[in-house]
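What the coordinates show
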Amino acid sequence: MTSAAPDSPARILVVEDEESLLFTIAHNLRREGYEVTTALRGDDALRLVRENRPDLIVLDVMLPGVDGIQVCRLLRRDLDTPILMLTALAGEGDRVAGLDSGADDYVGKPFGMRELKARIRALLRRAGRMGEHPAKDNPTLAAGNIELDRNRHEARLGGRLLKLKPKEFELLLFFLEHPGKVFRREQILDAVWGEDYSGGLRTVDVHVRWLRQKVEEDAGAPVRLRTVRGSGYIFEG
Ligand code: CA
């Protein structure tokens, strides 16, 4: 074989009943190039693991229905998929219970996305997956006359290269990944700046304003990146 097929991205199942945290984790992992599926409940997780055979599972301990410890025990009967537990309690007992049930590693809440991603990479490496730099299946995204290339970190408007600051680029990437959906500023802040970021929500407004100056015909009357009064922002493409 002369031309190797590109590595497919590692597939990760994230199980967490707290929706905003689930969203933040999933978004951050997708941005790393992983293929992510999500579940809010333990029983759904068990079903999804059977159906999708993920390469790694991020599993919260406290879940409605079947809790994380039980999910882990049930999976461990016949699967060796790496499992990273999210433990809400800082107590040692919780961690021991998680590891006893067959989890490979754990992260105590609250945790930063950077730490979570590092643990995931380490587990995937141990499991023999090319987790360090997951392949991005399709590096380009487009909406109307906007084109963005994730790998090259470039965005173009009508073929012309846009001069974007790093966070403007990430914000544009975020909107292109989620067109037609309204996001609260908190969600945008978590997704683009990360949970660890201590700046205020105004950061989002300021960057949206800058981005509009670059992608809108009239930044004062935006049609692509619109404000939804009382809610947040929506990207209409
Ligand atoms: Ca939980």
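For the structure given in this document, a descriptive report is provided here. Everything numeric in this text was worked out from a predicted model, so none of it was measured.

1. Some thoughts on the overall build of the protein
- Looking only at helices and strands, the protein has 8 helices and 12 strands in total.
- Burial statistics for the protein: of 237 residues in total, 46% are counted as buried.
- Taking as baseline every contact in the protein between residues at least 6 positions apart, the subset at least 24 positions apart corresponds to 57%.
- If you sum the accessible surface of the protein, you get close to 12300 Å²; carbon and sulfur atoms cover 48% of it.

2. So, the coordination of the calcium ion
- Of the protein atoms, only Glu16 (OE), Asp17 (OD), Asp60 (OD) and Met62 (O) coordinate the calcium ion, at distances of 2.0 to 3.2 Å.
- For the calcium ion, all donor residues lie on one chain, and their spacing in sequence is E-D-x42-D-x1-M.
- Residue classification places Asp60 among the buried positions, given a relative accessible area of 2%.

3. Considering the environment of Leu86
- Its place among the elements puts Leu86 in strand 4 (residues 83-87).
- Residue classification places Leu86 among the buried residues on the basis of a relative accessible area of 0%.
- Put simply, Leu86 and Asp60 are 26 residues apart on the chain and 4.5 Å apart in space, counted from C-alpha to C-alpha.
- With residues up to four places along the chain from it excluded, the contact list for Leu86 reads Glu16, Ile25, Val58, Leu59, Asp60, Val61, Val107, Lys109, Phe111 and Leu116.

4. Examining the side chain of Arg31
- Following the sequence through the fold, Arg31 ends up in helix 1 (residues 19-31).
- Since its relative accessible area comes to 17%, Arg31 is described here as buried.

5. Details of the pattern of salt bridges
- Tallying each qualifying case throughout the model produces 21 salt bridges.
- Between Asp104 and Arg76 there is a salt bridge, and its shortest N-O distance comes to 2.8 Å. Note that Asp104 is positioned in the loop between helix 4 (92-100) and strand 5 (105-108) and Arg76 in helix 3 (residues 68-76), a separation of 28 residues in sequence.
- The exposure class assigned to Asp104 is partly exposed, which follows from its relative accessible area of 32%.
- Two residues, Arg185 and Asp205, come together in a salt bridge whose shortest N-O distance is 2.5 Å. Here Asp205 lies in helix 8 (residues 202-215) and Arg185 lies in helix 7 (residues 185-193), a separation of 20 residues in the sequence.
- Salt bridges sharing partners connect three or more residues here, namely Glu16, Asp60 and Lys109.

6. Description of the packing of aromatic side chains
- All chains considered together, the criterion is met by 4 aromatic pairs.
- Centre to centre, the rings of Phe174 and Phe175 are 5.6 Å apart; their planes meet at 70°, and the pair counts as edge-to-face. For the pair Phe174 and Phe175, a shared accessibility class is recorded, and that class is buried.
- Through a chain of ring-to-ring contacts, the aromatic side chains of Phe23, Phe174, Phe175, Phe183 and Phe235 assemble into a single cluster.
- For the cation-ring pair, Lys165 lies above Trp210, with the distance from its terminal atom to the ring centre recorded as 4.0 Å.

7. Thoughts on the sheet that holds strand 5
- An order of 2-1-3-4-5 is seen for the 5 strands of this open sheet, with the pairing classed as parallel. A strand with exactly one partner marks an edge of an open sheet, and here the two such strands are strand 2 (35-39) and strand 5. Geometrically, the sheet is characterised by an average inter-axis angle of 20° between neighbouring strands, direction not taken into account.
- Against the sheet, helix 1 contacts strand 1 (11-15), strand 2 and strand 4, and its axis sits at roughly 170° relative to strand 2.

8. Considerations on the sheet that holds strand 12 (residues 232-235)
- Taken in spatial order, the 3 strands line up as 10-12-11 in an open sheet, and their pairing is antiparallel. A strand with exactly one partner marks an edge of an open sheet, and here the two such strands are strand 10 (182-183) and strand 11 (225-228).
- Here strand 10 pairs with strand 12 via 2 bridges, running antiparallel. Bridge assignment links Val182 to a residue of strand 12, and that residue is Ile234.

Cut-offs and rules
Positions within a chain are numbered from 1, following the residues in the order the chain's sequence is written. Per-residue local features are limited, in this predicted model, to residues with pLDDT of at least 70; the limit for side-chain atom pairs, both in listing and counting, is 80 or more; totals at the level of whole chains, interfaces and linings are taken over all residues. Heavy atoms from the whole structure form the basis of all side-chain values; hydrogens and water molecules are not counted. Only DSSP runs of H or I reaching four residues or more are called helices, and only runs of E reaching two or more are called strands; each is numbered from the N terminus. Each residue is assigned to one of three classes by its accessible area relative to the maximum for its type, calculated with a 1.4 Å probe on protein chains only: buried under 20%, partly exposed between the two thresholds, exposed over 50%. By definition, residues are in contact when any of their heavy atoms lie within 4.5 Å. Where accessible areas are quoted, they stem from the Shrake-Rupley method and a 1.4 Å probe; at the residue level, only the protein chains shown are allowed to cover. Water is absent from the atoms considered, so a metal site may look incomplete; donors are defined as N, O and S atoms within 2.8 Å of the metal, or 3.2 Å for Na, K and Ca. Here, a salt bridge means any Lys or Arg side-chain nitrogen found within 4 Å of an Asp or Glu carboxyl oxygen. Any two of the Phe, Tyr and Trp rings considered here, Trp counted by its six-membered ring, make a pair once their centres fall within 6.5 Å; the pair's planes then place it as stacked at under 30 degrees, edge-to-face at over 60, or tilted in between. A ring is scored as having a charge over it whenever the NZ atom of a lysine or the CZ atom of an arginine sits within 6 Å of its centre and within 35 degrees of its normal. Whether two strands pair comes down to DSSP finding at least two bridges between them. For helices, the fitted axis covers only the stretch in contact; all axes are lines through C-alpha atoms, and the angles between them, taken along N-to-C directions, range from 0 to 180 degrees.

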